[in-house]
Amino acid sequence: MDSSGEVMPSQEEWKSVNSRTRFPAVGTMLTLIGAVHAALGTVIWVTKDQDAELSFWFTAFGVAAITLGVSVIEVERARGYVTAPILAAIAVLTGFGLAFEPVSGFIIVLVPVAVGIRGWISR
């Protein structure tokens, strides 16, 4: 019991709280990709090495990818895999990005999509 009189979960119960997987790989990769983009966008802005528009898009995509990554981590922990609609949305976004800029960082997003599809199939 804690000081308020509530019964605290055992150590074994804490290990299983809100997680069906050992490591939420897809969400973590998306969060990492987003963090790198946000950091790079900030560096571009501070150094004024490139146009401000480039800095804005790097930073904006970074923040959006971090948000998506954290959300996907929650889905992976709750279900044990990433659901098909989420994978489809990420794949469409990646395809759209690759259609407009074939040689770009969008190709990296294919890795979490592939890992997610593998996890979804093996669920």
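From a predicted model like this one, the values you see are computed outputs, not experimental measurements. (Residues numbered from 1 in each chain as written. Predicted model: local features only at pLDDT ≥ 70, side-chain atom pairs only at ≥ 80, totals over all residues. Heavy atoms only, no water.)

What follows is about the overall build of the protein. Across its full length, the protein holds 5 helices and 0 strands. Mapped from its N terminus to its C terminus, the protein presents α and β elements in the order α-α-α-α-α. Residue pairs at least 24 apart in sequence account for 63% of intrachain contacts in the protein once pairs closer than 6 positions are excluded. When the accessible surface of the protein is summed, it comes to about 8,400 Å², and 67% of that surface belongs to carbon and sulfur atoms. (Helix = DSSP H or I, 4+ residues; strand = E, 2+ residues; numbered from the N terminus. Contact = heavy atoms within 4.5 Å. Areas by Shrake-Rupley, 256 points an atom, 1.4 Å probe, with all protein chains shown as cover.)

Looking now at helix α2 (residues 25-47). For α2, with 23 residues, the first-to-last C-alpha span of 33 Å sits near the 33 Å given by 1.5 Å per residue. Taken residue by residue, α2 has Val26, Gly27, Leu30, Ile33, Gly34, His37, Ala38, Gly41 and Ile44 as its buried positions. Trailing α2 by a residue or two, Lys48 shows a phi angle of about 55°, which is positive. (Expected span 1.5 Å × (residues − 1). Buried < 20%, exposed > 50% of the residue type's maximum accessible area, 1.4 Å probe, protein only.)

Overall, the coordinates contain 1 salt bridge when judged by the stated rule. Between Glu74 and Arg77 there is a salt bridge, and its shortest N-O distance comes to 3.9 Å. Placement of both Glu74 and Arg77 in helix α3 (residues 52-79) is noted, with a separation of 3 residues, approximately one turn of the helix. (Salt bridge = Lys/Arg side-chain N within 4 Å of Asp/Glu carboxyl O.)

Applying the stated rule across the entire model yields 3 aromatic pairs. When the ring of Phe56 is compared with that of Trp57, the centres are 5.0 Å apart and the planes differ by 75°; the resulting orientation is edge-to-face. Taking the centre distance of 5.8 Å and the plane angle of 65° together, the rings of Phe61 and Phe106 count as edge-to-face. Here the residue Phe61 occupies a position in helix α3, and Phe106 occupies one in the loop between α4 (84-100) and α5 (110-121), the gap between them amounting to 45 residues. Judged by its relative accessible area of 24%, Phe61 falls in the partly exposed class. The lysine or arginine in question, Lys48, covers the ring of Trp45, its NZ or CZ lying 5.4 Å from the ring centre. If you follow Arg123 out to its NZ or CZ, it ends over the ring of Tyr81, 5.5 Å from the centre. (Phe/Tyr/Trp six-rings, centres within 6.5 Å; stacked < 30°, edge-to-face > 60°. Lys NZ or Arg CZ within 6 Å of the ring centre and 35° of its normal.)

Let us look at a nonpolar patch on the surface. Taken together, Ile107, Ile108 and Leu110 make up a surface patch of nonpolar side chains, about 270 Å² in accessible area. With respect to the element layout, Ile108 can be found in the loop between α4 and α5. (Patch = residues over 30% accessible without salt bridge, like charges linked within 9 Å, V, L, I, M, F, W, Y side chains within 5 Å.)

What follows deals with the environment of Gly105. Mapped onto the secondary structure, Gly105 falls in the loop between α4 and α5. Expressed as a C-alpha distance, the spacing of Gly105 and Ile33, which sit 72 residues apart in the sequence, is 9.2 Å.

Ranked by size, the top nonpolar core spans 9 residues in total: Val26, Leu30, Ile33, Val72, Val82, Leu87, Ile90, Val109 and Val113. For this core, the secondary-structure elements that each account for two or more residues are α2 and α4. Broken down by element, the residue count for this core peaks at 3 residues, all from α2. Once you skip the residues sitting within four places of it in the chain, Val109 turns out to touch Leu30, Ile33, Ile90 and Thr94. (Core = buried A, V, L, I, M, F, W, Y, C linked by side-chain atoms within 4.5 Å.)

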